[in-house]
Amino acid sequence: MKILKENNSYETRVIFSPKVSEEELKYYTLDYARQLYRLGAKHISIVSRGQCDFVYTIKSFKTGHFIEMGFFASPQVLPIYENKLRLDQNVLSHLILNTEKI
């Protein structure tokens, strides 16, 4: 059995609905960063990749706002964080990667 490190490096890619305004997008992104911080994440970075077209539709949308968030956290944080993303109606899709395994 693999022993988990106290903190791992993760990267999240989140696609927000095109209905979200720029101000709302900033608010939601900073809110997720604050939630990660409260859960014990460190070195949180946010990069906005802008609004891009999809190759295929996601939840009947053809475009969306792409956000990347990098952070260090314990693996126990991920289920809580992912559940918040999954329940957010403004999030069309998300992916969480352990960047130490890449």
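Residue indices follow the written sequence of each chain, beginning from 1 at its first position. Whole-chain, interface and lining totals are the exception, using all residues; otherwise, since this is a predicted model, local features are given only for residues with pLDDT of at least 70 and side-chain atom pairs are given and counted only at 80 or more. In computing side-chain properties, one takes all heavy atoms of the structure into account and sets aside hydrogens as well as water.

- You'll find the protein chain entered in an unreviewed UniProt entry as Small ribosomal subunit protein bS6c, with Octactis speculum given as the organism.
- UniProt positions are given in the numbering used here, feature names are shortened, and annotations may be inferred rather than shown by experiment. According to UniProt, the comment filed for the protein chain under the heading Sequence similarities (unreviewed entry) is "Belongs to the bacterial ribosomal protein bS6 family."
- Regarding the protein chain, the relevant UniProt record gives this comment under Function (unreviewed entry): "Binds together with bS18 to 16S ribosomal RNA."

1. Brief notes about empty space enclosed by the protein
Then, in step 1: A cavity, in this analysis, means grid points on a 1 Å lattice covering only the protein atoms where a 1.4 Å probe fits yet has no way out; a pocket is instead an open set bounded by protein on both sides within 12 Å along at least five of seven lines, and a residue lines either one if it has an atom within 4 Å of a point. Grid points are joined across faces, edges and corners, and a volume is the space filled by probe spheres set on the points. A complete count under the given rule lists one cavity of 30 Å³ or more for this structure.
Then, in step 2: There is about 30 Å³ of room inside the largest cavity.
Then, in step 3: Broken down by secondary-structure element, the contributors of at least two residues to the lining of the largest cavity are strand 1 (8-16), helix 1 (22-38), strand 3 (61-73) and helix 2 (77-87).
Then, in step 4: By residue class, the composition of the lining of the largest cavity is seven nonpolar, one polar and no charged. Secondary structure elements follow DSSP: runs of H or I of four or more residues count as helices, runs of E of two or more count as strands, with numbering from the N terminus. Charged means Asp, Glu, Lys or Arg here, nonpolar means Ala, Val, Leu, Ile, Met, Phe, Trp, Tyr, Cys or Pro, and polar covers whatever is left, Gly included.

2. Describing the packing of aromatic side chains
Then, in step 1: The criterion for an aromatic pair is that two Phe, Tyr or Trp rings (for Trp, the six-membered ring) have centres within 6.5 Å, with stacked assigned to planes under 30 degrees apart, edge-to-face to planes over 60 apart and tilted to the rest. Using the criterion set out here, one finds seven aromatic pairs in the structure.
Then, in step 2: Between F16 and Y28, the aromatic rings sit 6.2 Å apart at their centres with planes inclined by 10°, giving stacked as the arrangement. Separated by 12 residues along the polypeptide, F16 in strand 1 and Y28 in helix 1 bring together distant segments of the chain.
Then, in step 3: Taking the centre distance of 6.0 Å and the plane angle of 65° together, the rings of F54 and F66 count as edge-to-face. A residue pair is termed long-range when its members are at least 10 positions apart, and F54 in strand 2 (residues 42-58) and F66 in strand 3 qualify at 12 residues.
Then, in step 4: In textbook terms, an aromatic cluster arises when at least three aromatic residues are bridged by ring pairs, as seen for Y10, F16, Y27, Y28, Y32, F71 and Y81.

3. Digging into unusual backbone geometry
Then, in step 1: Even without being a glycine, K59 presents a positive backbone phi close to 50°.
Then, in step 2: Tracing the backbone shows K59 in the loop between strand 2 and strand 3.
Then, in step 3: The buried label goes to any residue with under 20% of its type's maximum accessible area, the exposed label to any with over 50%, and the partly exposed label to all in between, with areas taken from a 1.4 Å probe on protein chains only. A residue is classified by how much of its surface remains accessible, and K59, at 55% relative accessible area, is exposed.
Then, in step 4: In this structure, S60 takes a positive phi of about 70° despite not being glycine.
Then, in step 5: Inspection of the secondary structure puts S60 in the loop between strand 2 and strand 3.

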